[in-house]
Amino acid sequence: QVQLVESGGGLVQAGDSLRLSCAASGRTFGSSSVAWFRQAPGKEREFVTVCNKNGGIKYYADSVKGRFTISRDNARNTVYLQMNSLKPEDTALYYCAADPTYGRTSRNPYDYSSWGQGTQVTVSS
């Protein structure tokens, strides 16, 4: 089982950039797909992006395509989310999630068995 801890959230202005980090345990991280989800108060958890175990396959939600980039460094057991041109609509609690068993690149949160506690991103206008 993979343990995940997010960091890097904060308060920024519209148009600014932010990089989130997801630090993972090492035992099964190398075989895990890793996704980012976000959730605003009163809203459903929303898929943001995902990458497969080696980072060669990546998918993005339409709302962030061209602005966000997911990457991973398996040697450091870390996944990153680079967020550029941030908008107030990006304000949410951001979670990373892993699927170490199947390595699926899924948009469905139920396909992920390991979750971090989240890091808050707030974008002001």
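Note that the structure is predicted; figures quoted are calculated from it, not measured.

Cut-offs and rules
Residues numbered from 1 in each chain as written. Predicted model: local features only at pLDDT ≥ 70, side-chain atom pairs only at ≥ 80, totals over all residues. Heavy atoms only, no water. Helix = DSSP H or I, 4+ residues; strand = E, 2+ residues; numbered from the N terminus. Rg over C-alpha atoms; globule rule 2.2 N^0.38 Å. Buried < 20%, exposed > 50% of the residue type's maximum accessible area, 1.4 Å probe, protein only. Contact = heavy atoms within 4.5 Å. Salt bridge = Lys/Arg side-chain N within 4 Å of Asp/Glu carboxyl O.

Student: For this particular structure, what's the right way to read the overall build of the protein chain?
Tutor: Looking only at helices and strands, the protein chain has zero helices and 11 strands in total. Relative to a compact globule of 125 residues, whose C-alpha radius of gyration would be 14 Å, the protein chain shows 13 Å and is just as compact. In terms of overall dimensions, the protein chain has C-alpha extents of about 40 × 30 × 25 Å along its principal axes. Looking at the protein chain residue by residue over its 125 residues, the buried ones come to 43%. For the protein chain, contacts bridging at least 24 residues in sequence account for 58% of all contacts bridging at least 6.

Student: Is there a simple way to think about the pattern of salt bridges in this case?
Tutor: Two side chains carrying opposite charge are able to pair once their charged atoms lie near each other. The tally for this structure, following the rule as stated, stands at six salt bridges. The residue Lys65 makes a salt bridge to Asp62 at a minimum N-O spacing of 3.2 Å. As far as the burial class goes, Lys65 and Asp62 line up, both exposed. Ionic contacts of the salt-bridge type, sharing partners, join the residues Arg38, Glu46, Arg67 and Asp90 into one network.

Student: Help me understand the side chain of Asp99 in this model?
Tutor: Its location among the elements puts Asp99 in strand 9 (residues 92–99). Overall, the relative accessible area of 2% leaves Asp99 in the buried class. When neighbours within four sequence positions are excluded, Asp99 is seen to be in contact with Ser31, Ser32, Ser33, Arg104, Asp111 and Tyr112.

Student: When you look at the environment of Ala35 in this model, what are you seeing that I'm missing?
Tutor: Looking at where Ala35 falls in the secondary structure, it is placed in strand 4 (residues 33–39). Between the alpha carbons of Ala35 and Asp99 there is a distance of 8.5 Å; along the sequence they are 64 residues apart. Look past the residues within four positions of Ala35 in its chain and what remains in contact with it is Thr49, Val50, Tyr95, Cys96, Ala97 and Tyr112.

Student: Explain unusual backbone geometry here, please?
Tutor: One can expect most non-glycine residues to show negative phi and most peptide bonds to be in trans. Here Asn77, not a glycine, exhibits a phi torsion of approximately 55°, which is positive. Structurally, the position occupied by Asn77 is in the loop between strand 7 (68–73) and strand 8 (78–83). Non-glycine residue Ser85 carries a positive phi angle of around 50°. Inspection of the secondary structure assignment puts Ser85 in the loop between strand 8 and strand 9. Accessibility expressed as a relative area gives 41% for Ser85, which makes it partly exposed.

Just geometry here; none of it tells us what the structure is for.
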